[in-house]
Number of protein chains: 2
Amino acid sequence: MSQIKKIRLSESVIDAIKEMVVKDGFRSGEKFYSEKELTGKLQVSRSSIREALRILEVTGQVSVKQGKGIYIADTQGERFKEFSSWLKNNEQSIRDNFEVRLIIEPKAARSAAENADAGDIQQMEGVWAQFAAYARDHKIEEAIVCDHRFHCGLARATKNRTLYVLMKAMTTTLPNGWISSLYTPGRIDQTVHEHGDILRAVKKQDKAGAENAMTRHLANALHDITKHLDDLT
Amino acid sequence: MSQIKKIRLSESVIDAIKEMVVKDGFRSGEKFYSEKELTGKLQVSRSSIREALRILEVTGQVSVKQGKGIYIADTQGERFKEFSSWLKNNEQSIRDNFEVRLIIEPKAARSAAENADAGDIQQMEGVWAQFAAYARDHKIEEAIVCDHRFHCGLARATKNRTLYVLMKAMTTTLPNGWISSLYTPGRIDQTVHEHGDILRAVKKQDKAGAENAMTRHLANALHDITKHLDDLT
DNA sequence: GACATCTGCTTGTCTGACAAGTGTCGCGCC
DNA sequence: GGCGCGACACTTGTCAGACAAGCAGATGTC
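Structural notes, computed from the coordinates. (Residues numbered from 1 in each chain as written. Chains lettered and ligands numbered in written order. Predicted model: local features only at pLDDT ≥ 70, side-chain atom pairs only at ≥ 80, totals over all residues. Heavy atoms only, no water.)

1. Looking at the overall build of chain A
So, point 1. Summing up its helical and strand segments, chain A has 11 helices and two strands in all.
So, point 2. The secondary structure elements of chain A, listed N-terminal to C-terminal, are α-α-α-β-β-α-α-α-α-α-α-α-α.
So, point 3. The buried share of chain A, reckoned over its 233 residues, is 51%.
So, point 4. Considering only contacts in chain A between residues 6 or more positions apart, those separated by 24 or more positions represent 69%.
So, point 5. Summed over all atoms, the accessible surface of chain A reaches about 11800 Å², with 51% contributed by carbon and sulfur. (Helix = DSSP H or I, 4+ residues; strand = E, 2+ residues; numbered from the N terminus. Buried < 20%, exposed > 50% of the residue type's maximum accessible area, 1.4 Å probe, protein only. Contact = heavy atoms within 4.5 Å. Areas by Shrake-Rupley, 256 points an atom, 1.4 Å probe, with all protein chains shown as cover.)

2. Overview of helix α10 (residues 187-203) of chain A
So, point 1. Here α10(A) contains 17 residues, and its C-alpha end-to-end distance of 24 Å stays within 8% of the 24 Å for a straight helix at 1.5 Å per residue.
So, point 2. With its phi angle positive at about 55 degrees, A:Q205 sits one or two positions after the end of α10(A). (Expected span 1.5 Å × (residues − 1).)

3. Considerations on the packing of aromatic side chains
All names here are of chain A.
So, point 1. Scanning the entire structure with this criterion turns up six aromatic pairs over all chains.
So, point 2. When the ring of F26 is compared with that of F32, the centres are 4.8 Å apart and the planes differ by 70 degrees; the resulting orientation is edge-to-face.
So, point 3. Of the residues examined, F26 reaches a relative accessible area of 16% and is grouped as buried.
So, point 4. On the basis of an interplanar angle of 50 degrees and a centroid distance of 5.0 Å, the ring pair of F32 and Y33 is categorised as tilted. (Phe/Tyr/Trp six-rings, centres within 6.5 Å; stacked < 30°, edge-to-face > 60°.)

4. Side note on the protein's contact with DNA strand D
So, point 1. Around DNA strand D, a shell composed of 22 residues is seen, among which A:R8, A:L9, A:S48, B:R46 and B:R50 lie nearest.
So, point 2. The protein-proximal atoms of DNA strand D, defined as those within 4 Å of the protein, are 70% sugar or phosphate.
So, point 3. Separating a base nitrogen of DNA strand D from a side-chain N or O atom of A:Q66 is a distance of 3.4 Å.
So, point 4. For DNA strand D, a base nitrogen lies 3.1 Å from a polar atom in the backbone of A:G67. (Near = heavy atom within 4 Å. Polar contact = N/O pair within 3.5 Å; in protein donor to acceptor, adjacent residues only side chain to side chain.)

5. Observations concerning the protein's contact with DNA strand C
So, point 1. In the vicinity of DNA strand C there are 22 residues, among which A:R46, A:R50, B:R8, B:L9 and B:S45 approach most closely.
So, point 2. Counting only atoms of DNA strand C within 4 Å of the protein, the fraction found in sugar and phosphate groups is 65%.
So, point 3. One nitrogen or oxygen atom from the main chain of A:G67 is found 3.3 Å from a sugar or linking oxygen belonging to DNA strand C.
So, point 4. Here a base nitrogen of DNA strand C sits 3.1 Å away from a polar atom, N or O, in the main chain of B:G67.
So, point 5. Those elements giving two or more residues to the surface near DNA strand C turn out to be α3 (46-58), β1 (62-65) and β2 (69-72) of chain A together with α3 (46-58) of chain B.

6. Observations concerning the pairing of strand β2 (residues 69-72) of chain B
So, point 1. Of the pairings in the sheet, the one linking strand β1 (residues 62-65) of chain B to β2(B) comprises four bridges and is antiparallel in character. Across the sheet, B:S63 pairs through a bridge with B:Y71, a residue of β2(B). (Pairing = 2+ DSSP bridges.)

7. Side note on the interface of chain B and chain A
So, point 1. With 33 residues of chain B at the interface, the matching set in chain A holds 34 residues.
So, point 2. For the pair chain B and chain A, the summed buried surface comes to about 3000 Å²; carbon and sulfur atoms form 59% of the total.
So, point 3. At the boundary of chain B and chain A, one finds six salt bridges.
So, point 4. When the shortest N-O distance is used, the salt bridge between A:R50 and B:E51 registers 2.7 Å.
So, point 5. For the pair chain B and chain A, the interface holds 12 residue pairs in polar contact (both at pLDDT 80 or more).
So, point 6. For the side of chain B that touches chain A, the secondary-structure elements that each account for two or more residues are α1 (9-23), α3, α5 (81-89), α6 (94-115) and α9 (161-172) of chain B.
So, point 7. By residue number, the principal contributor to the side of chain B that touches chain A is α6(B), which donates seven residues.
So, point 8. Here the side of chain B that touches chain A is built from residues that sort into 12 nonpolar, eight polar and 13 charged. (Buried area = accessible area lost by both parts, 1.4 Å probe. Salt bridge = Lys/Arg side-chain N within 4 Å of Asp/Glu carboxyl O. Nonpolar A, V, L, I, M, F, W, Y, C, P; charged D, E, K, R; others polar.)

8. Overview of the pattern of salt bridges
So, point 1. A complete count under the given rule lists 33 salt bridges over all chains for this structure.
So, point 2. Where A:E11 meets A:R8, a salt bridge forms, and the shortest distance between an N and an O atom there is 3.6 Å.
So, point 3. Relative accessible area serves as the criterion here: at 26%, A:E11 is assigned to the partly exposed category.
So, point 4. What makes A:R8 partly exposed here is its relative accessible area of 23%.
So, point 5. We note a salt bridge from A:D197 to A:R200, for which the minimum N-O separation is 2.6 Å. Taken as a pair, A:D197 and A:R200 lie in helix α10 at a separation of three residues, close to a single helical turn.
So, point 6. Linked by salt bridges that have partners in common, A:R8, A:E11, A:E51, B:E35, B:R46, B:R50, B:R54 and B:E57 make up one network.

9. As for the packing of helix α1 (residues 9-23) of chain A against α3(A)
Residues and elements named next belong to chain A.
So, point 1. At a closest axis distance of 8 Å, the pairing of α1 and α3 adopts a crossing angle of 65 degrees. Taken together, the axes of α1 and α3 are roughly perpendicular relative to one another. Once α1 is placed against α3, the crossing between them reads as right-handed. Between α1 and α3, the residues in contact are L9, S10, V13, I14, I17 and K18 and S48, I49, E51, A52, L53, I55 and L56, respectively. (Axes fitted to C-alpha atoms, helices over the stretch in contact; angles between N-to-C directions. Parallel < 35°, antiparallel > 145°, perpendicular 65-115°, else oblique. Left-handed = near helix turned anticlockwise from the far one by under 90°.)

10. A word on the side chain of B:H151
All names here are of chain B.
So, point 1. Positionally, H151 belongs in helix α8 (residues 140-157).
So, point 2. We classify H151 as buried; its relative accessible area is 1%.
So, point 3. Of note is the side chain of H151, whose polar atom sits 2.9 Å from the side chain of E105.
So, point 4. A distance of 3.4 Å separates a polar atom in the side chain of H151 from a polar atom in the side chain of H195.
So, point 5. Those residues in contact with H151 that lie beyond four places of it in its chain are R101, E105, M167, T171, H195, M214 and H217.

11. Overview of the environment of B:R216
So, point 1. The residue B:R216 is located in helix α12 (residues 207-232) in this model.
So, point 2. Distance in space between the C-alpha atoms of B:R216 and B:I198 is 9.7 Å, their sequence separation being 18 residues.

Spatial relationships are all this shows, so hold off on functional conclusions.
Next up, the structure:
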């Protein structure tokens, strides 16, 4: 069985353009072919080219300027740009998401401080150490995985299975919302600290301390994202 | 100095569509207006609409299917799907379930007291009245449906979509233990009262009152269920 | 030399047309 | 009555051509 889903022409154009950039050796910031040239080279209409360009633009791979032309995006800021545009389009859902987390997680941390056993703490300490290592080496993707695992580990330590499964649902299926926070400058290092605070409180069975540390952690993250968002506009 | 950058029409269309989704009350998975209808409503050409749609599609907010139409993406629903099915298959954890609800719902009630508009309140009052009627006639099955709808209506009034979807996942897959609680003598009548308390507080925009009323409601329900379960064994 | 204008290129938007996918309704057959 | 099939309406996908609007360099005038 081959290729069930029919692909849109504009999607093929995206791939074709990406390939062109590589094959024809375009570099960051360079001027690319014009829309008209592209219709000639790819033999598709300008509409399809333009739909493809909108997608390439919003994913931060090109930048299009009226009267001037199409430019290959700056690869330095490419990842950052991509994140920014995503952020702009998902502002509300991030806020919603954080609000819910601010409700659930502090209580989860409190419960974890009460119910965590030695195994839970050992596991979380391992995750935390790895997170710190990835943060030091600026391995953001890997650090994000550790972030998920830390929060899930905490939920597991509550010994409330509903809470654990819920937390897992919130972390594994909304990668972007979590990723977003860690891409903001400085956030990742602070997260190491804040996770450390939470962990220490849980270890000491300090319920109020754990709850407060988690509240601070989430509030800080939300604050950084919001500020970052304001800077963009 | 205002507005340096010139805005592309398709970008305005994105905002307009997002606003429409909210204002006209479209829900996840629902069919949206067709491209043709949008040209009429927004008074811009199909090209601009389509460019906007490509962006909304790639940022995961709508999904467009040839021959069928434009659909509001159901990312949130997908998110908690696994969680829902887990809940359904693990009804032994009623206590865990309640603990989580005791964390979430009082805060949800508080938020509802802050954000509910006239429509939300009217809808909830309707549900409440019907619940009371069913309770009077001892139509328990129907009353249970109203119970779900009341809690979902409250979550919706928070205007937080994540919370709403989460609550829906939790109420629609209620374990039988919960349902059976409404069969315990007196519980259903008391629920009518307790829901009334919550509703009144929300209406008065009394945040603390709503939070407390919800906490009482859930605590009472848990108490009765626990007693009911103990009586069974 | 300084400035305004012209000109040709670019992207932005609109229009009308036809292709292609999807679901529905009703007709005719069994 | 039930079933199958085709006509039809409605949807998105793609195209071609036109004009508006922004930009930059060439040209002409003073």
